[in-house]
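# Geometric and topological summary
The primary structure of each chain is shown beneath.
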There are 2 protein chains.
Amino acid sequence: MFRTHTCGDLRIQDVNNKVTLSGWVQTIRKFGSITFVDLRDRYGITQLLFSESLNEKLEANPLGREFVLQVTGTVNERSNKNNNIPTGEIELLVNEFSILNKSMTPPFTIQDDTDGGDDLRMKYRFLDLRRNAVKKNLELRYAVGRSTRNYLHEQNFMDIETPFLIKSTPEGARDFVVPSRMNPGQFYALPQSPQTFKQLLMVSGYDRYYQIVKCFRDEDLRADRQPEFTQIDCEMAFVEQEDILNMFENLIKRIFKDVKNIDYSEAVNRMTWENAMWTYGNDKPDIRFDMKLCNLKFPSHTFPNQTDISSLINGVDFKVFDEAETVVAIAAPGCCEYTRKQTDELTEWVKRPQIGMKGMVFIKCNLDGTFKSSVDKFYSEEKLKAIAEATHAKAGDLVLILAGSEERTRKATSELRLYLGQQLGLRKADEFKLLWVLDFPLFEYAEEDNRWVARHHPFTSPKPSDIATMINNNPAIENAAEYLKHPYANIKANAYDMVLNGNEIGGGSIRIFQKELQQKMFAALGMDEHEQQHKFGFLLGAFEYGAPPHGGIAFGFDRLCSILGGSESIRDFIAFPKNNSGRDVMIDAPSSIDDKQFNELQIKLDLKA
Amino acid sequence: MFRTHTCGDLRIQDVNNKVTLSGWVQTIRKFGSITFVDLRDRYGITQLLFSESLNEKLEANPLGREFVLQVTGTVNERSNKNNNIPTGEIELLVNEFSILNKSMTPPFTIQDDTDGGDDLRMKYRFLDLRRNAVKKNLELRYAVGRSTRNYLHEQNFMDIETPFLIKSTPEGARDFVVPSRMNPGQFYALPQSPQTFKQLLMVSGYDRYYQIVKCFRDEDLRADRQPEFTQIDCEMAFVEQEDILNMFENLIKRIFKDVKNIDYSEAVNRMTWENAMWTYGNDKPDIRFDMKLCNLKFPSHTFPNQTDISSLINGVDFKVFDEAETVVAIAAPGCCEYTRKQTDELTEWVKRPQIGMKGMVFIKCNLDGTFKSSVDKFYSEEKLKAIAEATHAKAGDLVLILAGSEERTRKATSELRLYLGQQLGLRKADEFKLLWVLDFPLFEYAEEDNRWVARHHPFTSPKPSDIATMINNNPAIENAAEYLKHPYANIKANAYDMVLNGNEIGGGSIRIFQKELQQKMFAALGMDEHEQQHKFGFLLGAFEYGAPPHGGIAFGFDRLCSILGGSESIRDFIAFPKNNSGRDVMIDAPSSIDDKQFNELQIKLDLKA
């Protein structure tokens, strides 16, 4: 037997017991003739005391950091107790030891604050995983998975495995493909999600399905994207949107409770997509803090239901505002005394290419009730006051105004809001705020092809009130410049995203379950009947045999874990992640394959110069 | 809301309640002016009663089999109760109904005994999955998974996800490969198992790991093999073989309890590989019944520890036995009165090409104590009696004797034993017998390459007592004909298989954790240093930084479920299986991909004529 206890087990009650431990040497400290060793395993650290009698053996078998050691001895009460660790009241007086395996000196220290850089840590990921900081992340991930499974089990969901070797039907992202040796010239695809299979399971009557499942997308990797990632994938039959929202906000609340011991008892906020864009400039707003957008000018076709207050800025012949499609203001609380240097820095920040604005207008709402602006020569103090009031600025705040084309300006204001929220300490790491964003547009316009694309995916249903609009209109866009006037532009989807602290953690929809509507959707996306049949014939076929109303959701498991763990990086929550080129630098994959494999698969390379 | 209850919920206590159900039309029966409909969902069947008042609406909206129906009505006590179903005491008197979706007539009936053949059921798998027989299988699969997760969680195991896009290191089976667009000319491989990753996790200190995980092997598919399959994959550090056997026989016992309500309290049998081959002719014996093999003649180098009783058959100049390498007998209980026709049929059975024997010798052990044989002219009744006694035959039994080359004869006897066990009703469907098979040979001889191959895999350790033999000998085989005299032929592995009712349900080993021994193993398998470094450099590297002793096991999840479900076919326990050509006939995959995909991946077809 290699051990009677783990390195996290022993307590003061165990004093005088004879025990055996196995683990890794964390530290070695010599004091004269005695040697202290901290022995580490997954469960903790126990201090070992090698007395003088073992010196000869220690000299013959010198220990080193990360050596694997087995020790037998007697539990002792420590004279110098360590209250920081659960085993800190005891130590093990070693009688016998044996080195189970040696270790070279690790290329970085196995500590929370390691001296290893990212590249080194990824190459030696098996050592990086020994660090407590990484272990805590994987433990959290396991806890989130376990909580999810328990909740969904209690709610009568069944875990049903869907296949990994499926058919390539690229819509949006690229598929990874797998050549089939037994079917030469043909390829499987790895699933981007189990979407169509979970819908088939609904047709089959398994009315509550889930899976925690790997998905694959061959996309150019931005920071913090992985070619393989994990989803909590769920689907329900005989449900409406309200059923789904209730079921899955309770899942997340359960995870909060099980994993973070947080009672999230308040109702989850809900917001339409239009209101999210209007109020936060963003379809995944961080609602931990206020600083809402004040729309001083906007394109009315994008926000048909909103109030026009452009009279506040019009009529003074200020060209920057007059010529802009969109003018948006936000109030930064308590910032009215920013120095010229500080406001210049903010201006530079919005002028960076990633943000892309030309400049920024400021209004200082002084504590004495006066207003001072960079555009004083256009706006009277009275007008400045009116604008500031529209932003809900209070005395002491600083109003920031951006102007330009709609999409860029709105995005820039949203980014500025998040940046200032961070700077001002308004995005608290230990606060969690959930939000449902609802009523997304069903379609987006794809300029390059002058056609519609599905904003969510081709299986999302329109709102019931929009079905007739969809069925009775020709999806073709005759005048590209006026695509917004096409009836399809206003169709809303039965879709919902769950947002946590400004991150989309999940999204889903009520699905189309009628063959004719699904065909109309495929046609709207530019798929002719032949292509529909080739790619999705099985689904259209299934809809002919009694498909029930159904809908579902998928959560990004890696992302959810990283937010709960308080980290920006999903990579810290994946045991063996890939880098931004899709490489696993530890095992050195992908790599070449041999001629026999090419021959058997009947493919060859066709490398471009 | 689509329903207030499921079709399995309602009981006599619900009488007079107003409820709403949704489900599928199972049957429609008209009696004069009233109509009975059985409405089905995942949870059960509820009888609906449409009274005369609904006839007009029913005529305008005729129902059909598998239509999706929503009904609201009042729960009624039935006059004609059905004790076969939990809802059989009530029916629903329908007030309102609406057809949620229509259905074409299904190509086969949605019943336990369906009229659909295998091909049709696979093409319309989404309808096949509606059948209760298939649903029960998937429910059992979910229950086995859940039981596994609960047990392993209680035992401190952590579910840690390992990557799917890894490196091609084919050893034995072929890898499925995935071209990397971002790394042109390079390929990922899909994992045949997470073997090396779980070993790295042990090096990282996660001493109890598990995963229920998809694995991939591109093999020519025999019946009941799938290119993608699921494993319960486990690994532990600081353990010896005994720890693993205890941990995982208790897992299977827990599954028996949770899923089948079977208390498997007896100790799990254990048998060495040599004894399994000697006694059952097979390394995965079905020990639900006896009929052990009696070895009348055998090659001594294969069974060095066994007793030679060939004197029983020698010295009578019976050429068939004299010239055979191996002579094996078994006693078929109670079969002494088999007719000539029956013994001829058995002889034909062993002469089939799949079995490949030339004939069979019979000894009838008559109830009156006399013996009668097809080889009376060679063997006296006394000799026949001695042979029969060696097989432990009793009066009334029939002794069957096969002779020929060792491998074929032993396999044939094993097959014959299983066949007779089936015929005689000795392999009871509701009886479950577990067995550990231990002490496998570490190496097998690969004739085509005149070298050793790993019987289990290259990471399995030799028995501690055999390590010196392995380290101190040159693995090269100088004389192919005498490979059995090479010291490597006798090295035993620290490996174990778990066998259930004659099926291998799991297997594993204590692993090599010392770099030098691992290198010796790779060298023995014919890998030079360059190849070792290219394929497994990361593992050899990890072993330099404090690798602990470790070992593990993997269970075939599909197979385990099928045996627990009493089926021969794993396909019945997989939601969306592939056929013997690796095709999913429902979605029609694999399939062609388009030119854009070839271009982006920088590969092209190279089809052989």
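Heads up: these notes are all about the structure in this document. (Residues numbered from 1 in each chain as written. Chains lettered and ligands numbered in written order. Predicted model: local features only at pLDDT ≥ 70, side-chain atom pairs only at ≥ 80, totals over all residues. Heavy atoms only, no water.)

### Quick notes on the state of the cysteines
Residue and element names in this part refer to chain B. Stated formally: The disulfide criterion is simple: two cysteine sulfur atoms within 2.5 Å.
Applying the stated criterion across every chain yields a total of zero disulfides over all chains. In this model Cys294 remains outside any disulfide bridge; the closest cysteine sulfur is found in Cys365, 12 Å from its own. The structure places no disulfide on Cys335, whose sulfur is separated from the nearest cysteine sulfur, that of Cys336, by 8.5 Å.

### Some thoughts on unusual backbone geometry
What counts, and what does not: Where helices and strands are cited, they refer to DSSP runs of H or I of at least four residues and of E of at least two residues respectively, numbered from the N terminus. Here the term buried applies to any residue with accessible area under 20% of the maximum for its type, exposed to any over 50%, and partly exposed to those in between, with areas from a 1.4 Å probe on protein chains only.
Across the junction of A:Ala589 and A:Pro590, the peptide omega takes the value 0°, indicating a cis bond. You can see A:Pro590 is positioned in the loop between helix 15 (557-564) and helix 16 (595-601). Backbone geometry places A:Glu66, a non-glycine residue, at a positive phi of 70°. You can see A:Glu66 is positioned in the loop between helix 1 (55-60) and strand 4 (68-77). For A:Glu66, a relative accessible area of 1% translates into the label buried. Positive phi outside glycine occurs at B:Phe238, with the angle close to 55°. Here B:Phe238 lies in the loop between strand 10 (228-237) and helix 6 (241-260). Judged by its relative accessible area of 4%, B:Phe238 is buried.

### With respect to the side chain of A:Thr326
Residues and elements named next belong to chain A. Cut-off, in case you're wondering: Counted as a polar contact is a pair of N or O atoms within 3.5 Å, where, for protein atoms, one must be capable of donating a hydrogen and the other of accepting one, and residues adjacent in sequence contribute only when both atoms are in side chains. Any two residues having at least one pair of non-hydrogen atoms within 4.5 Å are treated as being in contact.
Along the chain, Thr326 falls in strand 13 (residues 326-332). The exposure class of Thr326 is buried, given its relative accessible area of 0%. Of the polar contacts made by the side chain of Thr326, one reaches the side chain of Glu406; its length is 2.5 Å. Beyond its immediate sequence surroundings of up to four residues, Thr326 is in contact with Lys297, Phe298, Pro299, Leu402, Ala403, Gly404, Ser405, Glu406, Thr409 and Arg410.

### Some thoughts on the side chain of B:Ser509
Residues and elements named next belong to chain B. Structurally, Ser509 can be placed in strand 21 (residues 503-510). A polar side-chain atom of Ser509 sits 3.4 Å from a polar atom in the side chain of His456. Not counting the four nearest positions on each side in its chain, Ser509 is found in contact with His456, His457, Thr460, Asn494, Ala495, Tyr496, Gly551 and Gly552.

### Examining the relation of the copies chain B and chain A
The criterion, for reference: Superposition of the copies used a least-squares fit over C-alpha atoms from residues whose pLDDT is at least 70 in both.
Superposing chain B onto chain A takes a rotation of 180° combined with a translation of 0.0 Å along the rotation axis, leaving an RMSD of 0.1 Å. Given the turn and translation reported, the copies of this chain are related as if by a two-fold rotation axis. Taken as a fraction of all interface residues of chain B, those also at the interface in chain A reach 100%, which identifies the copy contact as same-surface.

### Concerning helix 6 (residues 241-260) of chain A
An α-helical segment advances 3.6 residues per turn. Residues three or four places apart therefore align on the same side. Residue and element names in this part refer to chain A. The line we're drawing: One less than the number of residues in a helix, times 1.5 Å, gives the span that helix is expected to have.
Taking 1.5 Å of rise per residue, the 20 residues of helix 6 would be expected to cover 28 Å, and the 28 Å separating its terminal C-alpha atoms lies within 8% of that figure. Among the residues of helix 6, Gln241, Ile244, Leu245, Met247, Phe248, Glu249, Leu251, Ile252, Lys253, Ile255 and Phe256 are the ones counted as buried. Backbone geometry just after helix 6 places Asn261 at a positive phi near 55°.

### Regarding the sheet that holds strand 12 (residues 294-297) of chain B
Residues and elements named next belong to chain B. Threshold: A pair of strands is considered paired only if DSSP assigns at least 2 bridges between the two. To define axes, lines are fitted to C-alpha atoms, for helices over the stretch in contact only, and angles between the resulting N-to-C directions are given on a 0 to 180 degree scale.
In space, the five strands of this open sheet follow the order 12-13-16-14-15, with antiparallel pairing throughout. Since the sheet does not close on itself, it has two edges, and those belong to strand 12 and strand 15 (371-373), each with one partner. Averaged over all pairs of adjacent strands, the angle between their axes in this sheet comes to 20°, without regard to strand direction. Two strands pair when backbone bridges link them, and strand 14 (residues 361-365) and strand 15 are joined in this way by three bridges, in the antiparallel orientation. Following the sheet pairing, Lys364 is matched in strand 15 by Lys372.

### Some remarks on the packing of helix 4 (residues 132-154) of chain B against helix 6 of chain B
When two helices pack together, their arrangement is given by the angle between the helix axes and by the axis-to-axis distance. Residues and elements named next belong to chain B. As a reminder of what qualifies: Note on terminology: angles under 35 degrees are roughly parallel, angles over 145 are roughly antiparallel, angles of 65 to 115 are roughly perpendicular, and the others are oblique. By definition, any crossing whose near helix is turned counterclockwise from its far helix by less than a right angle is left-handed, and any crossing with a clockwise turn is right-handed. Each residue is assigned to one class: nonpolar for Ala, Val, Leu, Ile, Met, Phe, Trp, Tyr, Cys and Pro, charged for Asp, Glu, Lys and Arg, and polar for all the others, Gly among them.
Axis separation between helix 4 and helix 6 bottoms out at 9 Å; the angle between their running directions is 135°. Taken together, the axes of helix 4 and helix 6 are oblique relative to one another. Here helix 4 and helix 6 pass one another in a crossing that is right-handed. Packed against helix 4, whose contacting residues are Leu140, Ala143, Val144, Ser147, Thr148, Asn150, Tyr151, Leu152 and Glu154, the element helix 6 presents Met247, Phe248, Asn250, Leu251, Arg254, Ile255, Asp258 and Val259 at the interface. Per-class residue counts for the contact of helix 4 with helix 6 are 10 nonpolar, four polar and three charged.

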